[in-house]
Amino acid sequence: MTQIEKDPGALRHPVRDLPLLIALDVDGTVLHHDGRLSERVAAAVRRLDALAHVTVVIATGRSVVATLPVMERLGLLTPGRPAVCSNGAVTVSVDPHAEGGFRLEDVITFDPAPAVSLVRRELPSVLVAVEEVGVGFKVSTPFPPGELWGEEMIVPVEELVARPATRVTFRDPSSTSEEFAQLIERIGLHGVSYAVGYSAWLDLAPEGVSKASALEQLRRQLGIEPHRTVAVGDQRNDLEMLAWAARGYAMGQAPPEVIAAANLVTGTIQEDGAAEALDEVLADLA
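Reference entry: report on the structure contained in this document.

### Considering the overall build of the protein chain
Reasoning step 1: When helices and strands are counted, the protein chain shows 10 helices and 14 strands.
Reasoning step 2: Compactness check: the protein chain gives a C-alpha radius of gyration of 19 Å against a globular reference of 19 Å for 286 residues, within 12% of the reference.
Reasoning step 3: When burial is assessed residue by residue, the protein chain has 55% of its 286 residues classed as buried.
Reasoning step 4: Within the protein chain, residue pairs in contact and separated by at least 24 positions form 57% of the contacts whose partners lie at least 6 positions apart.
Reasoning step 5: Of the roughly 12500 Å² of accessible surface on the protein chain, a fraction of 53% belongs to carbon and sulfur atoms.
Reasoning step 6: Both charge centroids of the protein chain, one from 24 positive and one from 40 negative side chains, sit 3 Å from each other.

Structure representation (structure tokens):
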């Protein structure tokens, strides 16, 4: 419950002061791909989050263990704050007293075996990682350094697909994202949701699960009206989120289909586009 809801007698603007949900992607939106965080972006996030009726939520393809450090850098690691991880398959809330500093709120899984078998038949050398929530990843072969957060446990492929999973990641360092996307379209993947990254990187999630599906559930829980939603993102795993938001900002460097899904375009990551978008939101709240 937000502070403004706790004080029903407070004077409110009929629209401007209604609860607002702001969803932010991480890589390529808030963080540069080398992990750098612009102080201008961080300051814009903190200014909005300081408003009692605004809830800022990270919505990312990252695992929980890779998301919490970003939230800390942004000043968002506050008790009870939700975060959408693993492209919507995992929703957590910050809990300093819990193991790992978070509490699982929702976890959605799927059977990874059919998709893994299909992709590996076409790309026998593809790298495969299956998320272990709150721990890291089980992998068939080590990924390039710095690409996976948390523990990296090498196991046989049979063990990778032995249990339901929240997310499966495929990586082909020798291919481009365009080649990877063409392959996935050609072979077809059924019973899962998927998104190709800016490199030859493919994330699988349970069918129907996306950042948008998790955010919609969160919006309802918070009692926020659909027209009071903002999202900022830059990649194909943000497509549904940008279409879901009443005000969806695509980063300037986003692929054409991502820009088409948004109703607004901001600057690139190099231009601190996320800060531009958030400053515009803040101006509307003044």
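From this point, things continue past the structure.
### Looking at the packing of aromatic side chains
Reasoning step 1: For the structure on display, the rule yields 1 aromatic pair.
Reasoning step 2: Ring geometry for Phe143 against Trp201: centres 6.1 Å apart, planes inclined by 80°, an arrangement best described as edge-to-face. Residue Phe143 is found in the loop between strand 7 (136–139) and strand 8 (151–154), and its partner Trp201 is found in strand 11 (residues 201–206); the two are separated by 58 residues along the sequence. Each member of the pair, Phe143 as well as Trp201, carries the same accessibility label: buried.

### Digging into helix 4 (residues 113–122)
Since there are 3.6 residues in each turn of an α-helix, residues three or four apart along the chain are aligned in direction.
Reasoning step 1: Within helix 4 the residues assigned to the buried category are Ala115, Val116, Leu118 and Val119. On an axial view of helix 4, the arc spanned by its buried residues comes to 165°, and they lie on one face. Opposite its buried face, helix 4 presents the exposed residues Pro114 and Arg121, each directed more than 90 degrees away.
Reasoning step 2: In this fold, the buried residues of helix 4 make contact with strand 6 (127–132), helix 5 (157–160), strand 9 (168–171), helix 6 (177–187) and strand 11.

### Regarding the side chain of Asp172
Reasoning step 1: Tracing the backbone through its elements, the reader meets Asp172 in the loop between strand 9 and helix 6.
Reasoning step 2: We note that Asp172 is buried and unpaired, the nearest opposite charge coming from Arg171 at a distance of 6.7 Å.
Reasoning step 3: Those residues within four positions of Asp172 in sequence are excluded, and the remaining contacts are Leu123, Val126, Phe180 and Ala200.

### Notes on the nonpolar core
Reasoning step 1: By size, the foremost hydrophobic cluster in this structure holds 40 residues, and its most contacted members are Ile22, Leu24, Val45, Leu74 and Val281.
Reasoning step 2: Residue assignment for this core shows that the elements contributing at least two residues are strand 1 (20–24), helix 2 (39–49), strand 2 (54–59), helix 3 (64–73), strand 3 (82–85), strand 4 (90–94), strand 12 (229–233) and helix 10 (273–285).
Reasoning step 3: The element best represented in this core is helix 10, accounting for 6 residues.
Reasoning step 4: Ignoring any residue separated from it by four or fewer positions in sequence, one finds Val45 in contact with Leu24, Val56, Leu74, Leu76 and Leu278.
Reasoning step 5: If you look at the next biggest cluster of nonpolar residues, it comprises 26 residues, including Val130, Val161, Phe170 and Ala200.

### Topic: the packing of helix 2 against helix 10
Pairs of packed helices are described in terms of their axes, by the angle between the two and the distance that separates them.
Reasoning step 1: Closest axis-to-axis distance for the helix 2/helix 10 pair is 9 Å, and the angle between their directions is 25°. Comparing their axes, helix 10 and helix 2 come out roughly parallel. When the axes of helix 2 and helix 10 are compared, the crossing they make is left-handed. Where helix 2 abuts helix 10, its residues Arg40, Val41, Ala44, Val45, Arg47 and Leu48 lie against Ala274, Ala275, Glu276, Leu278, Asp279, Val281, Leu282 and Leu285.
Reasoning step 2: For the contact of helix 2 with helix 10, the per-class residue count stands at 10 nonpolar, no polar and 4 charged.

### Quick notes on the pairing of strand 11
Consecutive residues of a regular strand have side chains that alternate between opposite faces of the sheet.
Reasoning step 1: Burial analysis of strand 11 places 6 of its 6 residues in the buried class, which makes it a mostly covered element.
Reasoning step 2: Taken together, the 4 bridges between strand 9 and strand 11 define a ladder with antiparallel strand orientation. Bridged to Thr169 within strand 11 is Asp203.

### Section: the sheet that holds strand 5 (residues 102–107)
For sheets, the rule is that strands pair by backbone hydrogen bonds, running either parallel or antiparallel.
Reasoning step 1: Strand order in the open sheet made by the 8 strands is 5-4-3-2-1-12-13-14, with mixed pairing throughout. Two strands close off the open sheet at either side, each with one partner strand: strand 5 and strand 14 (264–265).
Reasoning step 2: One ladder, built from 5 bridges, connects strand 4 with strand 5; its direction is antiparallel. Pairing of Val94 across the sheet is with Phe102, part of strand 5.
Reasoning step 3: Sheet strands in contact with helix 7 (residues 211–222) are strand 1, strand 2, strand 3, strand 4, strand 5 and strand 12, and its direction is about 155° off that of strand 2.
Reasoning step 4: Lying on the sheet, helix 10 is in contact with strand 1, strand 2, strand 12, strand 13 (247–250) and strand 14; it crosses strand 13 at an angle near 155°.

### So, the pairing of strand 2
Reasoning step 1: Within strand 2, 6 of the 6 residues are buried, leaving the element largely enclosed by the surrounding structure.
Reasoning step 2: Side chains Val54, Val56 and Ile58 project from strand 2 onto one buried face, and the interleaved Thr55, Val57 and Ala59 project onto a second face that is buried too.
Reasoning step 3: As defined by bridge partners, strand 1 adjoins strand 2 across 5 bridges and the pair is classed as parallel. Note on strand 2: the bridge partner recorded for Leu24 is Ile58.
Reasoning step 4: Each parallel crossover has a hand, and the one from strand 1 via helix 2 to strand 2 is right-handed.

Basis of the calculations
- Residues numbered from 1 in each chain as written.
- Predicted model: local features only at pLDDT ≥ 70, side-chain atom pairs only at ≥ 80, totals over all residues.
- Heavy atoms only, no water.
- Helix = DSSP H or I, 4+ residues; strand = E, 2+ residues; numbered from the N terminus.
- Rg over C-alpha atoms; globule rule 2.2 N^0.38 Å.
- Buried < 20%, exposed > 50% of the residue type's maximum accessible area, 1.4 Å probe, protein only.
- Contact = heavy atoms within 4.5 Å.
- Areas by Shrake-Rupley, 256 points an atom, 1.4 Å probe, with all protein chains shown as cover.
- Lys, Arg positive; Asp, Glu negative; His and termini not counted.
- Charge placed at Lys NZ, Arg CZ, Asp CG, Glu CD.
- Phe/Tyr/Trp six-rings, centres within 6.5 Å; stacked < 30°, edge-to-face > 60°.
- Arc of directions from axis to C-beta.
- Salt bridge = Lys/Arg side-chain N within 4 Å of Asp/Glu carboxyl O.
- Core = buried A, V, L, I, M, F, W, Y, C linked by side-chain atoms within 4.5 Å.
- Axes fitted to C-alpha atoms, helices over the stretch in contact; angles between N-to-C directions.
- Parallel < 35°, antiparallel > 145°, perpendicular 65-115°, else oblique.
- Left-handed = near helix turned anticlockwise from the far one by under 90°.
- Nonpolar A, V, L, I, M, F, W, Y, C, P; charged D, E, K, R; others polar.
- Pairing = 2+ DSSP bridges.
- Right-handed = clockwise from strand over helix to strand, strands pointing away.

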